[in-house]
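Descriptive structure summary
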Amino acid sequence: MNKVILIGRLVRDPELRTTQNHTSVANFTIAVNRPRIDGEDRGADFINCMAWRKLAETIAKYCVKGDQIAIEGHIQTSSYENQDGTKKYTTNVIVDTIKFLSTKQENRQQNGQQFSSNQEALNSVMQEDPFMDFGEQIELSDEDLPF
């Protein structure tokens, strides 16, 4: 089974590109805190993530550096040869679903600062359909249920 669930903060704004087939893809990195041991902070891991299609467009539109998100997806490894002929390996989390947890602006608002227009737009979308799922839909049958 290849399944990843992460909660972290965006290190920088997501980068949205379009493939030659006009498919949207967003690349971003999240910082995920390592577990504390004996109360000691152990730092963070920086995880490269990739989202496709409508989910990529949603992430690029509503997420900015500093936002806290939860993602669910799977790990994908690949390799390529760079210009000097050296083989390079990459590891990405391919994002299937995302949940918006908190924004950098929300943290600032708690200190007396204002929300951004992006957060206001996201709030209005979520008010229209609070159960909106930005991931791909999966068909389930009764055999898929664990009970």
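**Focus on the overall build of the chain**
Of regular secondary structure, the chain possesses 3 helices and 6 strands. When its helices and strands are written in sequence order, the chain yields β-β-β-β-α-β-β-α-α. Looking at the chain residue by residue over its 147 residues, the buried ones come to 30%. Contacts in the chain between residues far apart in sequence, at least 24 positions, make up 59% of those at least 6 positions apart. With an accessible surface of roughly 10600 Å², the chain has 46% of that area assigned to carbon and sulfur atoms.

**Some thoughts on the pairing of strand β6 (residues 87-102)**
One ladder, built from 2 bridges, connects strand β4 (residues 44-52) with β6; its direction is parallel. Its bridge partner lying in β6, Met50 is registered against Ile94. Both strand β5 (residues 68-81) and β6 contribute to a ladder of 14 bridges, which runs antiparallel. Opposite Ile69, over in β6, you have Phe100 as the bridge partner. Between β5 and the antiparallel strand that follows it, β6, lie 5 residues; Gly85 among them carries a positive phi value of about 85 degrees.

**As for the side chain of Asp67**
Positionally, Asp67 belongs in the loop between α1 (53-62) and β5. Although buried, Asp67 forms no salt bridge, and the nearest oppositely charged side chain, Arg9, lies 6.2 Å from it. Among the polar contacts made by the side chain of Asp67, one reaches the main-chain amide nitrogen of Val64 at a distance of 3.0 Å.

**Quick look at the pattern of salt bridges**
By the definition in use, this model includes 3 salt bridges. Two residues, Arg34 and Asp45, come together in a salt bridge whose shortest N-O distance is 2.7 Å. You can see Arg34 sitting in the loop between β3 (24-33) and β4 and its partner Asp45 sitting in strand β4, a full 11 residues away along the chain. Relative accessible area serves as the criterion here: at 35%, Arg34 is assigned to the partly exposed category.

**Some words on the pairing of β3**
Of all 10 residues in β3, 8 are buried, a share of seventy percent or more. The pairing of strand β1 (residues 4-10) with β3 spans 2 bridges and is classified as antiparallel. Looking at the pairing, Leu10 lines up with Ile30 of β3. Inspection of the sheet shows strand β2 (residues 15-18) paired to β3 by 4 bridges, in the antiparallel sense. Bridging from a neighbouring strand, Arg17 pairs with Val25 of β3. Taking the residues that link successive antiparallel strands as the turn, the β2-β3 hairpin has 5 residues, and the phi of His22 there is positive, at about 65 degrees. Sheet topology places β3 next to β4; 9 bridges connect them, and they run antiparallel. Bridge pairing links Ala31 to Phe46 in β4.

Criteria and thresholds
The numbering scheme is per chain: residues are counted from 1 as the chain's sequence reads. At least 70 in pLDDT is required for a residue's local features to be given in this predicted model, at least 80 for side-chain atom pairs to be given and counted, and no such filter applies to totals for whole chains, interfaces and linings, which use all residues. Values shown for side chains rest on all heavy atoms present in the structure; no hydrogens or waters enter the calculation. Here a helix means four or more residues in a row that DSSP labels H or I, a strand means two or more in a row labelled E, and each is numbered from the N terminus. Exposure classes here rest on a 1.4 Å probe applied to the protein chains alone. A residue is buried below 20% of its type maximum, exposed above 50%, and partly exposed in between. Contacts are assigned to residue pairs that have any heavy atoms within 4.5 Å of one another. Residue exposure ignores everything except the shown protein chains as possible cover, and the areas themselves are Shrake-Rupley values with a 1.4 Å probe. In this description, strands pair whenever DSSP reports at least two bridges between them. Only four residue types enter the tally: Lys and Arg on the positive side, Asp and Glu on the negative side; His and the chain ends are excluded. We count a salt bridge whenever a side-chain nitrogen from Lys or Arg sits within 4 Å of a carboxyl oxygen from Asp or Glu. Definition of a polar contact: a pair of N or O atoms within 3.5 Å, with one able to donate and the other able to accept a hydrogen when the atoms are protein atoms, and with sequence-neighbouring residues admitted only if both atoms are side-chain atoms.

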